[in-house]
Each structure stands twice: as structure tokens, then as C-alpha cells.
Amino acid sequence: MRKTTLTTLGLFLIAGLFAGCAGLKADKQPTEFTPANFAAGQYDAKVNNFQVILDASMTMGTPAQRDLQSAKNLASAINRSIPADLALNGGLRSFGHSDRQSPNLTDLVYGMTSHTQSGFQQGLDKIKYAGGNSPLGAALLAAGQDLAGTQGKSAIIVISDGLQMEDAPAAAKKIKAEMGDRLCIYTIAIGDSAAGRQLLEKVAQAGECGSATTDAALISQAGMASFVETVFLTPKAVAAPAPAPAVAIIDSDGDGVPDHLDQCPDTPRGVIVDERGCPIELKLHIEFDFDKADIRPRHKADIDRAAAFIRQYPQVPYILIAGHTDSIGTDAYNQKLSERRANAVRDALIKQHGIDAKRLVARGYGESQPIATNDTPEGRQHNRRVELICCVVIPQ
């Protein structure tokens, strides 16, 4: 009986360990992206042909195909952002590959053909397993052959983590030399490898007229719209309307937007507004463990979102980073702890995303501004936080 009891207890402990590991993995989900929404009939195509090159190598497959799925989500959002009324030739090429996916270094899974969103997505759905080496150079040379017989201008978009592909810049230079000003190369870095980003920047530079960006910069709909417009779109020329009769311009709330255009009247003084006269807002809530100022890994996406927002709105002079604590501890200790928390978030934005330090104002408020009761563990957890706030007058 004792042996049976011990065996049962051991099985429960093992099951608990597996459940704990599963819980840790569940925090690391593939990145989701929001497609842009462009009105039909308002844009001409900037290019005639495009090909997306998607990294399906081994480094994209661990853990659990997460980076591969993030890359597919990104490619899908770009595809769904392209206005359906544009006449484009499109293609999708993968490289790397698990043996379960393909024995080839690189495969053309869609195109080159007249682009449709459904056709591109069907090609994307064929890419299921990452593995093998990272032959981006071979994929670029193959893409050059795919585009060699096309007419007009072409764009290549590389979606990759940039790891273990040192031959890629030379391949990019070769196809650029062959196609000249008919080709631009754009790269999007998946993940946070600095070495990977640097290599992909070299690939984009070889294309001369393209650019390099990151997945974090394209998470928001505004970031996605900016990228798609840069690569694919030229606004149609609109005939200038007849001049309106002169009228007195009135701006009652002093936000810089005239009353007849202001969709948010009576905006408080000092609030930064958009072209509609409505406040530009960023409200993020990052919680901390008891007596800690370390940012939890699950809040990385919040930091990325804040960085993308700050880049999107250069007219915003600063972001207020406000640190708070629960009521446990002395006022003086909690004040210092709240300042450490605020500065931890500020440092992450500066060091991880290159945000200008002058635009980030970190303040600690100790335990003075609770948002929940301090009489329960749950309430105290909510009070242990940093809030990123935009855009108000800096409190003195």
C-alpha cells in the first residue's frame, strides 16, 4: 500500500511539473498584426511586381514554430492590406525548410502570377514546418530569376530573423546589379536579435532604394499602413477644389484645429491632438511582482507597442512614465521603489528600441495613487504598476 501511495504521489508531482512548463510556454504566443485599410480607387500601384521571401529555417522554428507563425501572420497582414483594385503580379517564396516541408533550399509556393489575396494566402498556408539551414542568398538569387522576365518595377520583401545567412548581402547586390533601378529590396526583422537586424539592414542597403524595419514597428495598424504605402502605393492625383470663400478661422479650445474641423471640441489646454482635434492617447499598464522593479517577460509586447506609438507620433514631445506601489512598506521606501519601476520601463524603451531619452519622463508616485484596494492581494497586485501616459502637460 505504501509503495502504491508513493507511486501515485510521484505521478502527481510529474504531472504538475509538465503543467507548469506548459504554462510557461503559453505566455510566448506568435505575434499578431493588424492589416491596414485603404479605400479602393484612391491609389495607383508604385510597383508592377512583388515577391515576399519568408524564412522557414531552423532558427524560426523554436520553440513550437512560434517565429515562423509570427512571420506568416505578418505576411498575411501585408497581403490583406494591399488594395484589391491594384493590378500587381505577386509571388511568395520560402527558404530553409524542415524535411517534412520540403527537401529544397527554397520553394516558390505562390506565383509569379496576377496577385489575389486568396491565392497568396493559399500559398502561405502551404508553409507549415521550419527547419534546416538559412539559405537566404539562394532564395534572393531565385527571386531575381523569378522577376527577370517581368516588366516595370519590382519589390522584394524579406521576412526573417536574419540569423546564419552571411551570403545574403552579396546575393542582394548581384540581383540589384542585374535589375538596376527596376528593383527595391525591403527587409522585416522577426525577433530581437541585434545581429539579425544588422544583417537584414545590409540586405536592404544592397537594394539601394528599399529599407529595413522590424516586426515590432508593424504591429499597429498605422505602422502596417505606413509600410504598405511605402512599398506598394502612390496616392492618385486629385484635382484641386475651387478655393472656398475666405472665412474667419475660429479655434475655441486652442488645440490648433479650427472649430469647423474639430471633432473633439473643448479639449483641455496642453493636450496633444491629431488632425481631427482629438487627443492622441497611449495608456499602458505594466504590473510588477512584490518589492520588485524587474519587467515581467509577458509585458515585452507592451514595451514594443509603446515604442511603436512613440515612433508613430514624433510630434508628441514626451511620454510620462509613472511608477506606483502598494501600501506595504514605508512611504520613503515605496517612493524609491516606484521610481525604480518607472526608470526600468524608461531604460527598456531607450536600450531595446532606441527611443530618444529626452522624450521619456519617469516619475515615481509611491503608494499615493492606488487604483484598487490595498486590503487584498489582488488589489495590491494592481497597484504595483507602471503607467505610460500620453499626452498631457508634465506635472511639476
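Up top you'll find the structure we're talking about.
None of the values given here were measured: they were computed from a predicted structure. (Residues numbered from 1 in each chain as written. Predicted model: local features only at pLDDT ≥ 70, side-chain atom pairs only at ≥ 80, totals over all residues. Heavy atoms only, no water.)

Draft legend 1. Spotlight on the overall build of the protein. Along its length, the protein carries 10 helices and 12 strands. Along the first, second and third principal axes, the C-alpha atoms of the protein reach 90 × 75 × 35 Å. By the burial criterion, 45% of the 396 residues in the protein qualify as buried. Approximately 20,400 Å² of the protein is accessible, and the part contributed by carbon and sulfur atoms is 55%. Computing the positive centroid from 40 side-chain charges and the negative centroid from 44, the protein places the two 6 Å apart. (Helix = DSSP H or I, 4+ residues; strand = E, 2+ residues; numbered from the N terminus. Buried < 20%, exposed > 50% of the residue type's maximum accessible area, 1.4 Å probe, protein only. Areas by Shrake-Rupley, 256 points an atom, 1.4 Å probe, with all protein chains shown as cover. Lys, Arg positive; Asp, Glu negative; His and termini not counted. Charge placed at Lys NZ, Arg CZ, Asp CG, Glu CD.)

Draft legend 2. Quick peek at the sheet that holds strand β4 (residues 106–114). The mixed open sheet is built from 6 strands, whose spatial order is β4-β3-β2-β5-β6-β7. One side of each edge strand has no neighbouring strand; the edge strands of this open sheet are β4 and β7 (211–214). Each strand axis lies, on average, 15° off the axis of its neighbour in the sheet, ignoring direction. In this sheet, β4 lies alongside strand β3 (residues 89–96) in antiparallel orientation, the contact comprising 6 bridges. The residue of β4 that forms the bridge with Leu 92 is Tyr 110. Of the strands in this sheet, β2 (49–56), β5 (154–160) and β6 (183–189) are in contact with helix α2 (residues 66–81), which crosses β2 at around 165°. (Pairing = 2+ DSSP bridges. Axes fitted to C-alpha atoms, helices over the stretch in contact; angles between N-to-C directions. Contact = heavy atoms within 4.5 Å.)

Draft legend 3. How the structure looks around the side chain of Thr 59. Here Thr 59 is to be found in the loop between β2 and α2. In this structure, Thr 59 is in contact with Asp 67, Ser 134, Asp 161, Leu 163 and Gln 164, ignoring residues within four places of it in sequence.

Draft legend 4. Region of the structure containing the nonpolar core. The biggest cluster of nonpolar side chains holds 41 residues, and the ones touching the most others in it are Leu 74, Leu 92, Ile 157, Ile 159, Met 224, Phe 227 and Phe 232. If you list the elements that add at least two residues to this core, you get β2, α2, β4, α3 (117–125), β5, β6 and α7 (221–232). Apart from the residues within four sequence positions on either side, Phe 232 is in contact with Asp 44, Ala 45, Lys 46, Val 47, Phe 50, Ile 78, Ile 82, Leu 86, Leu 88 and Ile 157. (Core = buried A, V, L, I, M, F, W, Y, C linked by side-chain atoms within 4.5 Å.)

Draft legend 5. Structural context of helix α4 (residues 136–148). With 13 residues, α4 ought to run about 18 Å at 1.5 Å a step, and its terminal C-alpha atoms sit 18 Å apart, in line with that. Along α4, the residues classified as buried are Leu 136, Gly 137, Ala 139, Leu 140, Ala 142, Ala 143, Gly 144 and Leu 147. (Expected span 1.5 Å × (residues − 1).)

Draft legend 6. The packing of aromatic side chains, seen in detail. Counted according to the given criterion, the structure contains 6 aromatic pairs. One aromatic cluster in this structure is built from Phe 50, Tyr 110, Phe 120 and Phe 232. Sitting over the face of the ring of Tyr 129, Arg 100 holds its NZ or CZ atom 3.9 Å from the ring centroid. (Phe/Tyr/Trp six-rings, centres within 6.5 Å; stacked < 30°, edge-to-face > 60°. Lys NZ or Arg CZ within 6 Å of the ring centre and 35° of its normal.)

Draft legend 7. Up close: the state of the cysteines. Tallied over the full model, the rule gives 1 disulfide. Linked covalently through their sulfurs, Cys 184 and Cys 209 form a disulfide whose S-S length is 1.8 Å. Judged by the sign of its S-S torsion, about -120°, the cystine formed by Cys 184 and Cys 209 is left-handed. Linking Cys 184 in strand β6 with Cys 209 in the loop between α6 (194–206) and β7, this pair joins segments that are 25 residues apart in sequence. (Disulfide = S-S within 2.5 Å.)

All we've got here are geometric facts, nothing functional implied.
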